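The primary structure of each chain is shown beneath.
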Amino acid sequence: MTGGPSRISRRTLLGAGVAGIGAVGGIGFLSGCSSDAKTPGSSGNKPTGAPVKLGPEIENGPKYKDGYIGPHATVKKPFADGKTTFKIVVPQDTQVVGDWNKNKTTEWFEKQTGVKVQFQEVLITNPNGGSDLTKINAMLSSGDLPDAFMGIPFTPAQVSLYGQQGTFVALDDYIAHYSPRLQQAMKDYPDLRGLKASTDGKLYQIPGVNDCYHCRSSQGRAWISKKYLQAVGMDIPTSTDELRQVLLEFKNKNPSGKNGFVPFASGVNNPLDNFMMQPFLYTPPGDQNGGWMRLNSGKVEFTPTKDEWREALRYLRQLNKDGTLTPQNFSMSDTELQTAGNKGQVGFARVYWWGSFFNPVTLDKNAPWRDYVAVPPLKGPSGNQTAQWDYYNFATNGLQITSACKDPATLVQWSDYQMDLESTMWMYDGIAEKNWFWGDEGADGIDGEQALWRDIQWPAPEGQSWNQYATMYRSLDYRGGQQVDPKAPTYEAGLYAAGKDYEKYAEPKEMQLPPVIIPDDSASQVADTATSISQAVKQGMSNFALGKKDIDNDSDWKAYVDSFAAMNLQSYLDVYQKAYESRPK
Amino acid sequence: MQIRDTRGDRAYFIVNYSVLTVFTLMVLYPMIYVISASFSSAKAIADNEVYLWPVGATVDAYRTIMESPNLLIGFANSAVYTIGGALLGTALTVLAGYASSRDDLPFRRVVMFFFLIPTLVSAGIVPTYIVVRQLGLLDTRWAVILPGAMSVFNVIITRTFYKMNVPQEMLEAAKVDGADDFRFFFRIAIPLSKPIIAVNLLFYGITQWNGWFNAFLYTSDPHLMPLQLVLRELLSQSAVNPGMIGGGDVAELLKRRELFDKLKYAMIVVAMIPPLIAYPFVQKHFVKGALIGSLK
């Protein structure tokens, strides 16, 4: 598995009797590699020749809608001789990708590029679905480096660190020369580079784009049952007052006719503040990793101590007095939400999407989830009306090339070929003309315009696709170009419509704090503070809303506000402010 | 005439049986629930309808698991690792345990202290990884079996067993009859220590059967994966992490959840069966080995 000369040198090292002093060997190996990478002149190590240009469009390609922005399907010529085999570490995924080295897309892509790759699969998720980089970190720290990593969820901070240590290679020069598609993507998405660059301003990874339109508003959406609204003779609420009336009607008339009806559902993983605070002020979502911070003329600002937040809490308290907001709203687990939804016991829900309170979500025409529509952002008493809108969640991790790679240029170009439309389709959806096709002439996509492509099923059957681990360029228009079948509507069109409803009320872009890299020396302190802040915000919200603390009592409010000062909120905000100001562009 | 139990005796029995019944139920119910749930439809589980017996009986989950390409490989690998790990671990432990139980072993304390060092201060993942890598063990079965093959805890138990059951006097008697150390060890010490050997086999076997970390860290070839790692991978492919909600794709979420709802209980059952079968056979030795002391 571990080919290449480094292995041999290790063996001889062992034979020479230096074994046992593992650290020495490891460091020697590491430094040997980084000096390799800095030596110019070795084959293809610095851009040579004319910059790579895109080929013409392929024949019988897709039909692009007017003003289409995104990947194109162009003629791809193999550029490598296949003499070198690159070792690339990828996530293990036996359900979708199967054996990476025997995968159909792997085979197709090798023909397109001429690049031979030996994939090494590493399990990178723990049973909770979170990422587990234990093995990746062991490889990196012990100097057991592959040529590159692909689809590994490194945080920007990790990439930044490994890049500045010399483990990952800086790629700007290569991209300028070998990556016409990525250059185009960076023009189409001017924020892309800054989101994935390192604190020293360099780019140590090939970024990708996965721009999901409805996801930009998904954190803060709410849903309401049209059927129950009709039953109580009300319309979709447009303001906080109207919502209060609707909930009261729900509670008093119980349109479901079932015991245990929940007029207003929300829960642990679907916190209510993402929707309920917005009629009073724009506040981003938050959790134990941070959040609840926005920009106010370039200054980082903490929202849960603002007066408007207090107003919002007063409103929640009122709902609680009405009996429509209960302790359940802070405690319902995902399973409880789904059980309530399946039984038809939910009136109004502050959740991500139908699947949060229905399980399973079938595509049956009369499936109960189809009764629920998105509630557009409410208008507050002072006229505020905002939707949480995420301007920055489109950037993905593509490829990180390590100092062990003798020929980064080839891998950069290899990665760029993945951002071609045809490649993106193969990688995402498997075999062409079998699991996916170009869009039919005149058929509509999710966004209601000419469809770009359609597929039979996602994920593709095992062994065909690369799931979502490739360097991708899935722009807004690409994703919106997925053909919909008017006879069998899926949830995608509904989610798109919900996105449209929310986009109108999106907060101005200057108000969203973009993701920043917290410098290593303050990282642990920031993480600690974020955890305490998250607890205090959540506790404060439920205490005031449920009347355990009196929201109209100034001393209770002051104690709440002061509790943040005790957590050193100011220095926490200062770290963010500094990181924001010095962020890579 | 039957002798009547005293009131105290009866009270004792009643209390005893009640406590044991409660305890049995506490252990039994989760098992029955898991087995029932594994045969229930995903919808019934989502709606919380399963209490004791399967609802909407189906073998879908088992079919998916059986179809998972790596499962059979995983089973076979786990068997290899379990048997290999048990034999190797037991052999090392018995050798180390017996030797360190002998009072005439020079530097006995030093040796024992040396054994204890790695349990007191562990080097951590990275140095161990470097050692395994430099020994050329990465991506071999040895990487699963060798690191941590011998547990110092087991050595201590075994040493204590020999101290108590194979005393100095026995060795002296054997020596008078002309036995040398090897003869004594193989002819007398080993036959006398069947219980502790059984216990060691069970301990090491179970550890290997339940183990996934060595394989996870040191191998990346799916053909070397033990069952627990196959199951872990399945589980991680199906888990929905709260952080994904909102950022991820709906299709991805749905795919994961369907898989998860289908598989979670069946996987527990699959992993549970072999130890469940093995326990009763080793149990009698287990009690003896861990509890019996002193000469008979």
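Right, let's walk through the structure included here. These figures come from a predicted structure and were not determined experimentally. Starting from 1, residues in each chain are numbered consecutively following that chain's sequence as written. Working convention: letters from A go to chains and numbers from 1 go to ligands, in the order in which they are written. pLDDT decides what is reported in this predicted model: residues at 70 or higher carry local features, side-chain atom pairs at 80 or more are listed and counted, and totals for whole chains, interfaces and linings draw on all residues regardless. Side-chain numbers here rest on the full set of heavy atoms in the structure, without hydrogens or water.

Glancing now at the overall build of chain B. Of the regular secondary structure elements, chain B holds 14 helices and zero strands. Segments assigned H or I by DSSP are reported as helices when at least four residues long, segments assigned E as strands when at least two residues long, and all are numbered from the N terminus. Ordered by position in the sequence, the α and β elements of chain B form the string α-α-α-α-α-α-α-α-α-α-α-α-α-α. Taken over C-alpha atoms, the radius of gyration comes to 25 Å for chain B, far larger than the 19 Å a tight globule of 296 residues would show. Taken across its 296 residues, chain B has 42% of its residues classed as buried. At a minimum sequence separation of 6, the contacts of chain B that also span at least 24 residues come to 71%. The accessible surface values rely on the Shrake-Rupley method and a 1.4 Å probe; as for residues, cover is taken only from the protein chains in view. Accessible surface, chain B: about 16,100 Å² in total, of which carbon and sulfur atoms supply 70%. For the purpose of counting charges, residues Lys and Arg are taken to be positive, whereas Asp and Glu are taken to be negative. His and the chain ends are not included. In plain terms, the charge of a residue is placed at NZ if it is Lys, CZ if Arg, CG if Asp and CD if Glu. Counting 25 positive and 20 negative side-chain charges, chain B places the averaged centre of each group 6 Å from the other. The quantity called the radius of gyration is restricted to C-alpha atoms. Its globule counterpart is 2.2 Å times the number of residues to the power 0.38. Whether a residue is buried, partly exposed or exposed follows from its accessible area with a 1.4 Å probe, protein chains only, as a fraction of its type maximum: under 20%, in between, or over 50%, in that order. Two residues qualify as a contact provided that any one of their heavy atoms is within 4.5 Å of a heavy atom in the partner residue.

Residue and element names in this part refer to chain A. Counting buried residues along strand β4 (residues 206–210), five of its five residues qualify, which places the element largely inside the surrounding structure. Both faces of β4 are covered, namely the face carrying Ile206, Gly208 and Asn210 and the face carrying Pro207 and Val209. Only strands that DSSP links by at least two bridges are regarded as paired with each other. For β4 and strand β13 (residues 395–401), the ladder comprises four bridges, and the chain directions are antiparallel. Of the residues in β13, the one forming a bridge with Pro207 is Asn397. Relative to strand β16 (residues 473–474), β4 runs parallel, the two being bridged by two bridges. Across the sheet, Val209 pairs through a bridge with Tyr473, a residue of β16.

Mapped onto the secondary structure, Thr94(A) falls in the loop between β1 (85–91) and α3 (104–113). The class for Thr94(A) is buried, based on a relative accessible area of 7%. Polar contacts involving the side chain of Thr94(A) include one to the side chain of Glu233(B), which spans 2.4 Å. Apart from the residues within four sequence positions on either side, Thr94(A) is in contact with Glu462(A), Asn70(B) and Glu233(B). Throughout this description, a polar contact denotes any pair of N or O atoms lying within 3.5 Å of each other; where both atoms belong to protein, one of them has to be capable of donating a hydrogen while the other can accept it, and for residues adjacent in sequence the pair is counted only when both atoms sit in side chains.

Residues and elements named next belong to chain B. On the surface, Phe113, Phe114, Ile117, Leu120 and Val121 cluster together into a nonpolar patch covering about 560 Å² of accessible area. Assignment of secondary structure puts Val121 in the loop between α5 (108–120) and α6 (125–134). A relative accessible area of 56% means that Val121 is categorised as exposed. Two distance rules govern patches: like charges are joined within 9 Å, and nonpolar side chains (Val, Leu, Ile, Met, Phe, Trp, Tyr) within 5 Å, applied only to residues with over 30% relative accessible area and no salt bridge. Salt bridge, as used here: a side-chain nitrogen of Lys or Arg that lies within 4 Å of a carboxyl oxygen of Asp or Glu.

All right, on to the nonpolar core then. Residue and element names in this part refer to chain A. Nine residue types can take part in a nonpolar core, namely buried Ala, Val, Leu, Ile, Met, Phe, Trp, Tyr and Cys, and a core is a set of them joined through side-chain atoms within 4.5 Å. Among the nonpolar cores identified, the biggest contains 150 residues, and Phe348, Trp353 and Trp414 are the most heavily contacted of them. With eight residues, helix α19 (residues 520–545) is the largest single contributor of residues to this core. Setting aside residues no more than four positions away along its own chain, Phe348 makes contact with Ala222, Trp223, Ile224, Leu243, Leu247, Phe250, Pro263, Phe264, Ala265, Phe275, Met276 and Val375. With 34 residues, the next largest nonpolar core counts Ile136, Phe149, Ile152 and Tyr162 among its residues.

What follows is about the pairing of strand β10 (residues 299–302) of chain A. All names here are of chain A. Pairing of strand β9 (residues 293–296) with β10 involves four bridges; the strand directions are antiparallel. Among the inter-strand pairings, Leu295 is bridged to a residue of β10, identified as Val300. The hairpin formed by β9 and β10 contains two residues between the paired strands, and Ser297 there has a positive phi angle of roughly 45°.

Next up on the list: the state of the cysteines. Residue and element names in this part refer to chain A. Criterion for a disulfide: a pair of cysteine sulfur atoms within 2.5 Å. Counting across every chain of the model gives one disulfide over all chains. A sulfur-sulfur separation of 2.1 Å characterises the disulfide bridge that pairs Cys212 with Cys215. Since a negative S-S torsion denotes a left-handed disulfide, the Cys212-Cys215 link at about 70° is right-handed. A relative accessible area of 2% means that Cys215 is categorised as buried.

Quick look at the side chain of Gln577(A) now. Within the secondary structure, Gln577(A) sits in helix α21 (residues 569–581). If sequence neighbours within four positions are ignored, Gln577(A) has contacts with Gly298(A), Lys299(A) and Val300(A).

Right, let's get into the sheet that holds β13(A). Residue and element names in this part refer to chain A. Strand order in this open sheet of six strands is β2-β1-β3-β13-β4-β16, and the pairing throughout is mixed. Each end of this open sheet is capped by a strand with a single partner; those strands are β2 (116–122) and β16. Note on geometry: axes are C-alpha line fits, over the in-contact stretch for helices, and angles between N-to-C directions span 0 to 180 degrees. The strands that helix α15 (residues 408–417) touches are β1, β2, β3 (148–150), β4 and β13; relative to β13, the one it contacts most, it runs at about 155°.

Moving on to the interface of chain B and chain A. At the interface, 50 residues of chain B touch 61 residues of chain A. Here chain B and chain A share an interface that buries about 4,800 Å² over both sides, 55% of which is from carbon and sulfur atoms. For Asp132(A), the salt bridge is made with Arg232(B), and the minimal N-O distance between the two is 3.9 Å. Linking chain B with chain A are eight residue pairs in polar contact (both at pLDDT 80 or more), by the criterion used here. Listing elements by their share of the side of chain B that touches chain A, those giving two or more residues are α2 (42–46), α6, α12 (213–218), α13 (227–238) and α14 (250–291) of chain B. The leading source of residues in the side of chain B that touches chain A is α14(B), at nine residues. Across the side of chain B that touches chain A, the residue classes tally to 26 nonpolar, 13 polar and 11 charged. By convention, the term buried area covers the 1.4 Å-probe accessible surface removed from two parts as they join, with the contributions of both added. Polar here means any residue other than Ala, Val, Leu, Ile, Met, Phe, Trp, Tyr, Cys and Pro, which are nonpolar, and Asp, Glu, Lys and Arg, which are charged; Gly is therefore polar.

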